[in-house]
Amino acid sequence: MNSLTLTIGDKNLSSWSLRPWLLMKETGIAFTEETILLDRPETRSILKEKSPSGLVPFLTHAQGGESVQLWDSLAIAEYLNDLYPEKNLWPEDRAARALARSISAEMHSGFAPLRAVWPMQVLKRDIGHLTSGGVQRDIDRVLALWSESRRKFGAGGPFLFGAFSIADAMYAPVVTRFVTYGPVAMDDDCAAYMKTIMGLGGMKAWIEGAAAQTG
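Please read these numbers as outputs of a predicted model, since none were measured by experiment.

## Description of the overall build of the protein
Item 1. Counting secondary structure elements, the protein contains nine helices and four strands.
Item 2. Its C-alpha atoms give the protein a radius of gyration of 17 Å, within 12% of the compact-globule value 17 Å for 215 residues.
Item 3. By principal-axis analysis of the C-alpha atoms, the protein measures approximately 50 × 40 × 25 Å.
Item 4. By the burial criterion, 48% of the 215 residues in the protein qualify as buried.

## Concerning the packing of aromatic side chains
Item 1. For the structure on display, the rule yields seven aromatic pairs.
Item 2. An angle of 25 degrees between the planes, with centres 5.2 Å apart, marks the rings of Trp118 and Tyr181 as stacked. In this pair, Trp118 sits in the loop between α5 (112–117) and α6 (135–153) while Tyr181 sits in helix α7 (residues 166–181), placing the two residues 63 residues apart along the sequence.
Item 3. Looking at Tyr181, the relative accessible area reads 4%, which means it is buried.
Item 4. Taken together, the ring pairs in this structure connect Trp118, Trp146, Phe178, Tyr181 and Tyr193 into an aromatic cluster.
Item 5. Across the ring face of Trp16, the terminal group of Arg19 is positioned such that the distance to the ring centre comes to 4.1 Å.

## Regarding the sheet that holds strand β1 (residues 4–8)
Item 1. Sheet architecture is open: four strands sit in the order β2-β1-β3-β4, paired in mixed fashion. The open sheet has two edge strands with one neighbour each: β2 (32–35) and β4 (66–70). The average undirected angle you get between the axes of adjacent strands in this sheet is 20 degrees.
Item 2. Across four bridges, the pairing between β1 and β2 is parallel. Across the sheet, the residue bridging to Leu6 is Glu33, located in β2.

## Focus: unusual backbone geometry
Negative phi is the rule for most residues except glycine; trans is the rule for most peptide bonds.
Item 1. Of note, the amide linkage connecting Val56 to Pro57 takes the cis form, showing an omega dihedral of 5 degrees.
Item 2. The omega torsion of the bond from Gly182 to Pro183 falls at 5 degrees, within 30 degrees of zero and hence cis.
Item 3. Although it is not a glycine, Asn88 adopts a positive phi angle of roughly 50 degrees.
Item 4. The residue Asn88 is located in the loop between α3 (73–83) and α4 (94–109) in this model.
Item 5. With relative accessibility at 36%, the residue Asn88 sits in the partly exposed group.
Item 6. Look at Phe111: it is not a glycine, yet its phi comes out positive at around 60 degrees.

Thresholds applied
- Residues numbered from 1 in each chain as written.
- Predicted model: local features only at pLDDT ≥ 70, side-chain atom pairs only at ≥ 80, totals over all residues.
- Heavy atoms only, no water.
- Helix = DSSP H or I, 4+ residues; strand = E, 2+ residues; numbered from the N terminus.
- Rg over C-alpha atoms; globule rule 2.2 N^0.38 Å.
- Buried < 20%, exposed > 50% of the residue type's maximum accessible area, 1.4 Å probe, protein only.
- Phe/Tyr/Trp six-rings, centres within 6.5 Å; stacked < 30°, edge-to-face > 60°.
- Lys NZ or Arg CZ within 6 Å of the ring centre and 35° of its normal.
- Pairing = 2+ DSSP bridges.
- Axes fitted to C-alpha atoms, helices over the stretch in contact; angles between N-to-C directions.

See the structure below:
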């Protein structure tokens, strides 16, 4: 049995679950997947029993007869970075790492209008939606962060900091929102970045899983 178990919510809806799941898939960190379907009559009682916070995702790391539990996508990512330093889940360059951590923390704590008005629905495409109430401001900020990261540190590959990192996992649900509610006007570099994220094997597997859950 794998020592890491990641408990997630519905793949169509749970943006916070996608982040650590995609990070582990794309970096080859083995784990057992457990799903708690959301918005069901039994969901609240199951989460109360199993989840440290009453929410998903959470990670359980079995170590002998004991276990460590983490609940929060960014905390899980940082724990995995400590557990697997050879994976280089953050950029190696200190300045790049500082920016990657900053934009990841901003995604973690900000963009409330975008979250509220454009919830993640990975199975829908180009449905169009309002950009009022701060949504356009959030879109502009995301695109500016992508452009800055790519311009300063993206020369080594197609991701925000060249190689795939925690920062890409943190912004992957935003990419799906832009696909769902778009089209969103952006420059060629940001459009290429979106194509890169949507083309990941892990992302394709997540969307296939979402379709299976709702089918």
